Amino acid sequence: MRVKLAKFSSEITDFLTIETVKAIDYGVLDLHNVENRELREVFYFFEELLAVELELNYLENKTGIFRVSKENDFWYYRQERHVIRACSLEELKRKVMVENRIWYVFDENLVKRLG
């Protein structure tokens, strides 16, 4: 798999977007039109990873925002070992967007409750 990941790095970057996460979340991601079989396998791999991460967010996340948590007085965005910390949700969103990471609100009601 490592060889495939290196071989398709730009395609993977294009695939890992908020649109992909939304499509996975709503169950409408269609990879059948990807003609390259190896690339399609790589995309299926990332689809499974993101689907599991989304499921965990639905079960454990109290903010309604993908990969975001609040602990004590700080907000955190965690993507594997990479952590972004901020004093406010607005500051965190700005930092996440500057790093071109996925900011996906999966539960508007939870976000509204946090104010």
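Structural data are supplied above this passage.
Residues numbered from 1 in each chain as written. Predicted model: local features only at pLDDT ≥ 70, side-chain atom pairs only at ≥ 80, totals over all residues. Heavy atoms only, no water.

Draft legend 1. Here's a closer look at the sheet that holds strand E1 (residues 68-71). Strand order in the open sheet formed by 3 strands is E1-E2-E3, with antiparallel pairing between adjacent strands. Two strands bound the open sheet, and with one partner strand each, they are E1 and strand E3 (82-86). With strand direction ignored, the average angle separating the axes of adjacent strands in the sheet is 25°. Sheet analysis places E1 next to strand E2 (residues 74-79), joined by 4 bridges and oriented antiparallel. Directly across from Lys70, in E2, lies its bridge partner Trp75. Relative to the sheet, helix H5 (residues 89-98) contacts E1, E2 and E3, its axis offset from that of E3 by approximately 140°. (Pairing = 2+ DSSP bridges. Helix = DSSP H or I, 4+ residues; strand = E, 2+ residues; numbered from the N terminus. Axes fitted to C-alpha atoms, helices over the stretch in contact; angles between N-to-C directions. Contact = heavy atoms within 4.5 Å.)

Draft legend 2. Representation of the pattern of salt bridges. On inspection of all chains with the given rule, the structure shows 6 salt bridges. Residues Arg67 and Glu53 are paired through a salt bridge, measuring 2.6 Å at the closest nitrogen-oxygen approach. Note that Arg67 is positioned in the loop between helix H4 (37-60) and E1 and Glu53 in helix H4, a separation of 14 residues in sequence. Classification of Arg67 as buried rests on a relative accessible area of 9%. Judged by its relative accessible area of 21%, Glu53 falls in the partly exposed class. In this structure, the salt-bridge partner of Glu71 is Arg78, at a minimum N-O distance of 3.0 Å. (Salt bridge = Lys/Arg side-chain N within 4 Å of Asp/Glu carboxyl O. Buried < 20%, exposed > 50% of the residue type's maximum accessible area, 1.4 Å probe, protein only.)

Draft legend 3. Spotlight on the layout of surface pockets. Looking at the largest pocket, its volume works out to about 560 Å³. Lining the largest pocket are 19 residues, with Leu16, Leu50, Arg67, Gln79 and Ile102 sitting closest to its centre. Looking at the lining of the largest pocket, the element that brings in the most residues is H4, giving 6 residues. Looking at the lining of the largest pocket residue by residue, the classes come out as 10 nonpolar, 4 polar and 5 charged. If you list the elements that add at least two residues to the lining of the second largest pocket, you get H4 and E1. Here the residues of the lining of the second largest pocket are counted per class, giving 2 nonpolar, 3 polar and 4 charged. (1 Å grid on protein atoms, 1.4 Å probe; cavity = no way out; pocket = protein on both sides within 12 Å on 5 of 7 lines; lining within 4 Å. Points joined across faces, edges and corners; volume = space filled by probe spheres on them. Nonpolar A, V, L, I, M, F, W, Y, C, P; charged D, E, K, R; others polar.)

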